[in-house]
Amino acid sequence: MKGRISKIGSYAISSSIRDQHQQPCISCTTFNILAPIYKRLSHKDQSLRESDNRAYWLGRNHRIIDWLLYERSSIICLQEFWVGNEELVNLYEKRLGDAGYLSYKLGRTNNRGDGLLTAVHKDYFRVVNSRDLLFNDCGDRVAQLLHVELVPPYSQYDAHQEVLIVNTHLLFPHDSTLSIVRLQQVYKILQYVESYQKEVNLSPMPIILCGDWNGSKRGHVYKFLRSQGFVSSYDTAHRYTDSDAHKWVSHRNHRGNICAVDFIWLLNPNRYRKLLKTSWSEAVFGMFRYLLRRASLTAEDAFAFLKTDNDGDHITFMGFCETLRQVTVMDSRQKRSKICGLKLTLMETVF
């Protein structure tokens, strides 16, 4: 069965729902199931994809569903779900629906063919609301937000225990120029969750972020989420620390590299959080500091480097863009849309 799994079973989402003394609990599974339109069948012929062979993709996805139903997680978050194929969509909706799941799908923008599917079991949750988040960026990425409420007996300790569930698949970092795009995608998610909570006047509640983050524990996205109070449920279950990035992997990517990029993040509503704007600014400038150090610049040289050819005591936007190009945050071939996106990122950071 091709794809990859990050799963933590029987994990309590709040202090009132624990797996001690056989008390009721919930579980969550996130799974990048590898869309047939991306799955290569031959190393020699890269154009040959699984989507060209119905028997292959149908059989594999039946086995994936068999596994999901065997595990029977309370929450299922799938990435690279082939939303562009009606037969496959109907297969998942029928089999998951017959097993008691409510499912929600969302395709990537610009008809990319794949997307997300989030399913919650009716024995555990009542769906209060669902929202779609379109990043509208160079990667055509999206995210889903489900606002759910626990049902008896899982709500026996708190009659109105509500949870926010997010499912996403961030941009793959084909080169270092895309690192800031991924960071901005996470910022948009947290910003959207924050605005939704204000819009419907929600009290603090547990937040679960699931998905393929296309970045490891060593990356800026991981550090940004940790600064916002999120913890990796997999790390919690295995008692790993932030420095234990080498101790687990989720898959081998298409380049043959061993990776650990699939996460189930949990935010305790009582946990201290920095202001989102503060964490965002620290994350962005932290990335720039790293790139400047990689360029072997001293602290004294950094400001002069950012000024480029400007004679004043300030940094111009065009000069800053030239600096980013030199430290590989941007390159000379980038499209205007990406430059505009970076400009927006910098404006959000400064203002």
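Residues numbered from 1 in each chain as written. Predicted model: local features only at pLDDT ≥ 70, side-chain atom pairs only at ≥ 80, totals over all residues. Heavy atoms only, no water.

Trainee: So what exactly am I meant to see when it comes to the sheet that holds strand β13 (residues 262-267) here?
Mentor: Hydrogen bonds along the backbone pair up the strands of a sheet, which may run parallel or antiparallel. Read from one edge of the open sheet, 6 strands run β6-β7-β8-β9-β13-β10, paired in mixed fashion. Only two strands of the sheet have a single neighbouring strand rather than two, namely β6 (125-134) and β10 (231-232). Sheet topology places strand β9 (residues 207-212) next to β13; 6 bridges connect them, and they run antiparallel. Its bridge partner lying in β13, aspartate 212 is registered against aspartate 262. The strands that helix α3 (residues 179-199) touches are β6, β7 (142-150), β8 (162-169) and β9; relative to β6, the one it contacts most, it runs at about 130 degrees. Most of the contacts of helix α4 (residues 220-227) go to β13, to which it runs at about 15 degrees, and overall it touches β9, β10 and β13. (Pairing = 2+ DSSP bridges. Helix = DSSP H or I, 4+ residues; strand = E, 2+ residues; numbered from the N terminus. Contact = heavy atoms within 4.5 Å. Axes fitted to C-alpha atoms, helices over the stretch in contact; angles between N-to-C directions.)

Trainee: Help me out: how do you make sense of the confidence of the model for the protein chain in this one?
Mentor: It should be kept in mind that the predicted coordinates are not to be read in detail where pLDDT is low. Of the residues in the protein chain, 63% reach a pLDDT of 70 or more, and the chain-wide mean stands at 77. Across residues 327-344, confidence stays below pLDDT 50; counting only partners more than four residues off in sequence or on other chains, it has 34 contacts. (pLDDT = per-residue confidence, 0-100.)

Trainee: So what exactly am I meant to see when it comes to a nonpolar patch on the surface here?
Mentor: Together, Leu41, Leu48 and Tyr56 give the surface a local cluster of nonpolar side chains, amounting to about 260 Å² of exposed area. Assignment of secondary structure puts leucine 48 in the loop between β2 (28-32) and α1 (54-71). By relative accessible area, leucine 48 is classed as partly exposed at 34%. (Patch = residues over 30% accessible without salt bridge, like charges linked within 9 Å, V, L, I, M, F, W, Y side chains within 5 Å. Areas by Shrake-Rupley, 256 points an atom, 1.4 Å probe, with all protein chains shown as cover. Salt bridge = Lys/Arg side-chain N within 4 Å of Asp/Glu carboxyl O. Buried < 20%, exposed > 50% of the residue type's maximum accessible area, 1.4 Å probe, protein only.)

Trainee: Just checking my understanding: could you explain the packing of α3 against α4 for this structure?
Mentor: Axes are the key here: two packed helices are described by the angle between their axes and the distance separating the axes. Taken N-terminus to C-terminus, the directions of α3 and α4 make an angle of 25 degrees; their axes are 9 Å apart at the nearest point. Relative to α4, the element α3 is oriented roughly parallel. Crossing geometry of α3 relative to α4 is assigned as right-handed. Counted together, Arg182, Leu183, Val186, Tyr187 and Leu190 of α3 and His220, Val221, Phe224 and Leu225 of α4 form the full contact between these two elements. Its residues assigned to classes, the contact of α3 with α4 comprises 7 nonpolar, 1 polar and 1 charged. (Parallel < 35°, antiparallel > 145°, perpendicular 65-115°, else oblique. Left-handed = near helix turned anticlockwise from the far one by under 90°. Nonpolar A, V, L, I, M, F, W, Y, C, P; charged D, E, K, R; others polar.)

Trainee: Honestly, the pattern of salt bridges in this entry has me stumped. Any pointers?
Mentor: For side chains of opposite charge, pairing can occur when their charged atoms come near one another. For the structure shown, the criterion picks out 10 salt bridges. The salt bridge involving glutamate 50 is made with arginine 60; its shortest N-O contact spans 2.7 Å. Linking glutamate 50 in the loop between β2 and α1 with arginine 60 in helix α1, this pair joins segments that are 10 residues apart in sequence. Across the pair, exposure class does not vary: glutamate 50 and arginine 60 are buried alike. With a closest N to O distance of 2.7 Å, aspartate 123 and arginine 72 form a salt bridge. Pair noted here: aspartate 123 is in the loop between β5 (115-121) and β6 and arginine 72 is in the loop between α1 and β3 (75-81), with a separation of 51 residues, a long-range link. Relative accessible area serves as the criterion here: at 39%, aspartate 123 is assigned to the partly exposed category.

Trainee: Just to check I follow, could you spell out helix α2 (residues 86-98) for this structure?
Mentor: An α-helix turns once every 3.6 residues. As a result, residues three or four positions apart point the same way. For α2, built from 13 residues, the straight-helix expectation of 18 Å at 1.5 Å per residue is met to within 8% by its first-to-last C-alpha distance of 18 Å. Those residues of α2 not exposed but buried are Leu88, Val89, Leu91, Tyr92 and Leu96. Here the buried residues of α2 occupy an arc of 160 degrees about the axis, which is enough to place them on one side. For α2, exposure combined with an orientation more than 90 degrees from the buried face picks out Glu86, Lys94 and Asp98. (Expected span 1.5 Å × (residues − 1). Arc of directions from axis to C-beta.)

Trainee: Help me out: how do you make sense of the packing of aromatic side chains in this one?
Mentor: The way to describe two aromatic rings as a pair is by their centre distance and the angle between their planes. One pass over the structure, following the stated rule, counts 6 aromatic pairs. Measuring from centroid to centroid gives 5.7 Å for phenylalanine 31 and tryptophan 67, while their planes differ by 80 degrees, and the two rings are edge-to-face. Residue phenylalanine 31 is found in strand β2, and its partner tryptophan 67 is found in helix α1; the two are separated by 36 residues along the sequence. Judged by centre distance (5.1 Å) and plane angle (85 degrees), the ring pair of phenylalanine 81 and tyrosine 92 falls under edge-to-face. Taken together, the residues span a long stretch of sequence, with phenylalanine 81 in strand β3 and tyrosine 92 in helix α2 at a distance of 11 residues. (Phe/Tyr/Trp six-rings, centres within 6.5 Å; stacked < 30°, edge-to-face > 60°.)

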